[in-house]
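Remarks on the overall topology
Now for the letters of each chain:
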Amino acid sequence: MYGPQQPTVQFLPPVVVSQYVNQWVTTSIPNYGEVTAYITDYNRRTGMVSMFMYRAPRYQPQFIQVHHSDLVGIAPYYGPIPPRPGRPPRPRPPRPPYTPWYPGQPGGFIPWVIGQTGIFGQQRY
């Protein structure tokens, strides 16, 4: 008579979804699993929720629209905005200074010409 209980899924009513427009949330969506999303719009007439979804491990934004009944649970998201993978990106090495024509000369071509022609004083030998 009292066997193992099956989990029940409770769908979110429209009024709950509409409270999260323009906010970051965590939710579960069938075929996607647990996701972090930014809800951009909710259409009360059709029940469609527009959002940018971020999924581990890459956390690349993906724009999707799902019906509000496809959202299983919803909660505010308080992590880094936008969500990032666990490892921070590696910084790029600094670029060498730009020196056209004569990379070995400090300051580049124009100061070298000025120094060679003696426009501003004695010519250097």
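Quick look at the nonpolar core
Formed by 16 residues in total, the largest nonpolar core has its most connected members in Ile-29, Ile-39, Val-49, Met-51, Val-66 and Leu-71. Top contributing element to this core by residue count: strand S2 (residues 33-43), with four residues. In this view, Met-51 contacts Ile-29, Ala-37, Tyr-38, Ile-39, Thr-40, Gln-62, Phe-63, Ile-64, Val-66 and Leu-71; residues no more than four positions away in its chain are not counted.

Quick word on the environment of Tyr-78
Tracing the backbone through its elements, the reader meets Tyr-78 in the loop between strand S5 (72-76) and helix H2 (109-117). With relative accessibility at 74%, the residue Tyr-78 sits in the exposed group. In sequence terms Tyr-78 and Thr-26 are 52 residues apart; their C-alpha atoms lie 9.2 Å from each other.

Brief notes about the packing of aromatic side chains
Under the criterion given, the structure shown has four aromatic pairs. With centroids separated by 5.3 Å and ring planes inclined at 45°, the aromatic side chains of Trp-24 and Tyr-54 adopt a geometry described as tilted. In this pair, Trp-24 sits in strand S1 (residues 23-29) while Tyr-54 sits in strand S3 (residues 48-54), placing the two residues 30 residues apart along the sequence. Comparing Trp-24 with Tyr-54, the two get one shared label, buried. Grouped by ring-pair contacts, the aromatic residues Trp-24, Tyr-38, Tyr-54 and Tyr-77 constitute a single cluster.

Scoring rules and cut-offs
- Residues numbered from 1 in each chain as written.
- Predicted model: local features only at pLDDT ≥ 70, side-chain atom pairs only at ≥ 80, totals over all residues.
- Heavy atoms only, no water.
- Core = buried A, V, L, I, M, F, W, Y, C linked by side-chain atoms within 4.5 Å.
- Buried < 20%, exposed > 50% of the residue type's maximum accessible area, 1.4 Å probe, protein only.
- Helix = DSSP H or I, 4+ residues; strand = E, 2+ residues; numbered from the N terminus.
- Contact = heavy atoms within 4.5 Å.
- Phe/Tyr/Trp six-rings, centres within 6.5 Å; stacked < 30°, edge-to-face > 60°.

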